[in-house]
Amino acid sequence: MTAVAETLSAVKFTDRINRIEPSATMAVVAEADKLRQQGIDVVDFGAGEPHFPTPQHIKDAAIAAIQNNFTKYTAVGGTAELRDAIFHRHAADFGSDYRREETVASVGGKHALFNAIQILVDHGDEVILPVPYWVSFKDIVRYAGGNCVLLESDEQQGFRVTAEMVARLVTQRTRLIILNSPSNPSGAVMSPEDLKEVVRFATERGIWVLSDECYVYLNYSGEKFSIGSLQEYRERILVIGSLSKTYAMTGWRLGYALAPAAVISGMQKLQSQSTSNPTSIVQKAAVAALNGPQECVEQMRQEYIRLRDHVVEGLRSIPGVACTLPMGAFYAYPNISSFFGRDGVKSASDVAGRLLREAHVATVPGEGFGTRDHIRVSYATSEKELDRGLKRMRSFLTSL
Ligand code: GLU
């Protein structure tokens with residue numbers, strides 16, 4: 001160890017930073033990048049991000065913003081133009097009725113989620129979280145001092161969560177229920193009836209419901225549905241959204257929340273002491289995305305359906321791999337537990353680690369999502385890339 005590293009390891013950091021782990025998805029991004037820098041050809045099924053470029057009219061709006069010197073601070077929670085575009089889009093697509101005061105723009109959906117949880121969850125509060133969960137939910141709750149109460153779902157039922165399953169875990173200490181439909185990583189979709197029932201009984205008991213709807217436009221099970229449309233329960237609902245997946249804008253970092261005005265004002269207060277406004281140029285691009293033509297969203301959705309069918313078929317054809325059919329988002333969540341015990345492999349992390357190092361295919365191990373038997377495969381990539389990765393996975397797994 002170098003002298004600097006030794007000194008750093010002796011430093012005592014805060015309890016709150018010690019309560020959390022680095023993001024498992026971001027860790028895979030870093031590891032895959034490292035291999036690429038060594039000249040290795042990695043097939044990347046790791047981080048979930050659209051392979052489509054950001055649509056041209058959105059890029060043009062950002063370029064125009066630079067040319068027009070729209071490069072200064074804006075209001076912390078986003079310009080009035082952007083906040084209006086966010087709630088108008090939601091109203092048009094889901095029949096909601098939010099106002100500017102109930103809308104905030106943040107630096108990505110994860111940022112909106114982080115801020116919302118910091119202002120709602122306190123030490124000792126219980127937060128109901130369906131498993132498998134997206135990697136950051138648990139750590140963000142822990143950072144706030146809350147305790148996650150994990151809701152186990154049934155793989156045989158496609159990891160589907162029902163209102164009854166949620167209700168069983170409610171206690172006096174329940175402060176918040178986190179829902180994520182379509183789910184990252186399982187692709188499970190809750191029915192509108194179940195979502196409504198959760199919101200109904202949560203409101204009755206004074207419990208908040210936070211719905212991460214980053215994949216709401218990538219629902220393959222029928223009508224897309226946002227809990228934000230349940231306006232009669234709006235006092236207890238938070239909708240977290242993102243432009244990342246809907247408009248292929250992951251790197252731009254633009255997310256939002258729709259929630260009661262008091263919650264939004266708390267989120268803005270926190271944002272005013274941390275990031276300030278989302279990047280001004282990105283805000284202009286976001287307005288173009290939300291107010292502009294929406295055909296691109298449906299075109300991408302159709303393509304994801306095709307890719308989903310392709311990848312699920314390919315995964316299921318590998319002996320020993322079982323895979324549920326995802327009903328939304330762009331992840332397959334195959335069960336690879338039949339390989340445990342072969343050639344020293346003991347866990348999903350072993351499988352994902354060796355897949356990356358030996359077969360050069362990046363996936364995310366299930367442990368980060370709260371399950372031990374799975375790896376997550378992002379299929380937001382070309383069919384050709386899917387085929388290359390599936391071929392490598394097949395030859396690696398069958399060699400175990
Ligand atoms: N949708 C991305 C994923 O789960 C988000 C990455 C992240 O921020 O963790 O891969």
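Treat the numbers as computed from the prediction; the structure is a model and nothing was measured.

### Describing the site of the ligand
Move 1: In the vicinity of the ligand, the contacting residues are S23, T25, M26, A47, G48, K110, W134, N184, Y215, K245, Y331 and R376.
Move 2: In the environment of the ligand, a nitrogen atom lies 3.1 Å from a nitrogen or oxygen atom belonging to the side chain of Y215.
Move 3: In this structure, K245 approaches the ligand through a side-chain N or O atom, which is 3.0 Å from a nitrogen atom.
Move 4: Within the shell around the ligand, the residues separate by chemical class into five nonpolar, four polar and three charged.

### Side note on the packing of aromatic side chains
Move 1: Counted by the stated rule, this structure contains ten aromatic pairs.
Move 2: Consider the rings of W134 and F137, whose centres lie 5.4 Å apart with planes at 85°: the pair is edge-to-face. Side by side, W134 and F137 carry an identical accessibility label, which is buried.
Move 3: Among the aromatic residues, those joined into a cluster by ring pairs are F52, Y215, Y304, F330 and Y331.
Move 4: One residue, R234, lies across the ring of Y98, its end atom 5.3 Å from the ring centre.
Move 5: Directly above the aromatic system of F70 lies the positively charged group of K284, at a separation of 4.6 Å from the ring centroid.

### Details of the packing of helix α4 (residues 56–67) against helix α11 (residues 280–291)
Move 1: With their axes 8 Å apart at the nearest point, α4 and α11 run at an angle of 145° to one another. Between α4 and α11 lies a crossing of right-handed hand. Along its contact with α4, which presents H57, I58, A61, A62, A65 and I66, the element α11 presents I281, K284, A285, A288 and A289.
Move 2: Residues that form the contact of α4 with α11 fall into these classes: nine nonpolar, one polar and one charged.

Cut-offs applied
Residues numbered from 1 in each chain as written. Predicted model: local features only at pLDDT ≥ 70, side-chain atom pairs only at ≥ 80, totals over all residues. Heavy atoms only, no water. Near = heavy atom within 4 Å. Polar contact = N/O pair within 3.5 Å; in protein donor to acceptor, adjacent residues only side chain to side chain. Nonpolar A, V, L, I, M, F, W, Y, C, P; charged D, E, K, R; others polar. Phe/Tyr/Trp six-rings, centres within 6.5 Å; stacked < 30°, edge-to-face > 60°. Buried < 20%, exposed > 50% of the residue type's maximum accessible area, 1.4 Å probe, protein only. Lys NZ or Arg CZ within 6 Å of the ring centre and 35° of its normal. Axes fitted to C-alpha atoms, helices over the stretch in contact; angles between N-to-C directions. Helix = DSSP H or I, 4+ residues; strand = E, 2+ residues; numbered from the N terminus. Left-handed = near helix turned anticlockwise from the far one by under 90°. Contact = heavy atoms within 4.5 Å.

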